[in-house]
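Analysis of the macromolecular model
As a plain string of letters, each chain reads:
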Amino acid sequence: ALLLAFGVAGCSKSPDSPTSPSGPGSTAVTYGNISASDATGYMSSVECFPFTTCAANATGWVQTIFRRLQQNGTATINNTGVPGQVMSQHFEDLGRRIGRTYPGNFITNQVPFVRADTTVVTIFAGGNDANTIAFAARSRGGSDVNGFVDAQVRQWGTDLEELIARIRDRALSLLYYVQND
């Protein structure tokens, strides 16, 4: 037993035990974006069509971030943004009740397209939702407009948490996310 103890102790001092650090990991980045019209660079000097890379000369913030990521190594983009979308089915339904229509929502229509190898995600949400809440408050807010708005803002926060949880479930290698309100 004493001989075995010395043998085990001697093995732990080996330069290979524990395994030496292997250096930095891959610099490859898969960039995903969840947003509405800003994903296309709407109103910028060079706009893109939805679901296209269009990064070489585009001036929208999504394309600008992508080019910066490319400078640090290999990067690919999965831009799922669709102009006019809102956060969730709740806000689609709220909009329909006041006569507004949307081409879908982030949770239902964009999250399913987040790739499993995504390492960076940006989320830019809230503009279309805020407009919907404001129009609904004016037309259907009732006697307690502040209470109506507060309830919608709480729902939006709950939906944002769900969006992030679903993205994390899909993007197995996700390092971090950036949220812009």
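Rules used throughout
- Residues numbered from 1 in each chain as written.
- Predicted model: local features only at pLDDT ≥ 70, side-chain atom pairs only at ≥ 80, totals over all residues.
- Heavy atoms only, no water.
- Buried < 20%, exposed > 50% of the residue type's maximum accessible area, 1.4 Å probe, protein only.
- Helix = DSSP H or I, 4+ residues; strand = E, 2+ residues; numbered from the N terminus.
- Pairing = 2+ DSSP bridges.
- Contact = heavy atoms within 4.5 Å.
- Arc of directions from axis to C-beta.
- Axes fitted to C-alpha atoms, helices over the stretch in contact; angles between N-to-C directions.
- Parallel < 35°, antiparallel > 145°, perpendicular 65-115°, else oblique.
- Left-handed = near helix turned anticlockwise from the far one by under 90°.
- Nonpolar A, V, L, I, M, F, W, Y, C, P; charged D, E, K, R; others polar.

As a general feature of sheets, a regular strand has side chains that alternate between the two faces. With four of its five residues buried, strand β2 (residues 75–79) lies for the most part within the structure. Pairing geometry for strand β1 (residues 29–35) and β2, over five bridges, is parallel. Each residue of the ladder has a partner; that of Val29, found in β2, is Ala75.

Our next topic: the environment of Glu92. Within the secondary structure, Glu92 is located in helix α3 (residues 89–97). Take Glu92: its relative accessible area is 5%, and that puts it in the buried class. What Glu92 contacts, discounting residues up to four positions off in sequence, is Val86, Tyr102, Gly104, Asn105 and Asn109.

A word on helix α2 (residues 61–71). Those residues of α2 lying buried are Val62, Gln63, Phe66 and Leu69. Burial along α2 is one-sided: seen end-on, the buried residues are contained in an arc of 115°. Away from its buried face by more than 90 degrees, α2 exposes Arg68 and Gln71. Summarising the contacts, the buried residues of α2 are in contact with β1 and β2.

Our next topic: the packing of α3 against helix α5 (residues 127–140). Across the interface, α3 lies against α5 with an axial gap of 9 Å and an inter-helix angle of 40°. With respect to each other, α3 and α5 are oriented oblique. With respect to the hand of their crossing, α3 and α5 are arranged in left-handed fashion. Contacts from Phe91, Leu94, Gly95 and Arg97 of α3 reach α5 at Asp129, Thr132, Ile133, Ala136 and Arg140. Grouping the constituent residues of the contact of α3 with α5 by class yields four nonpolar, two polar and three charged.

By themselves, these figures tell us nothing about what the structure is for.
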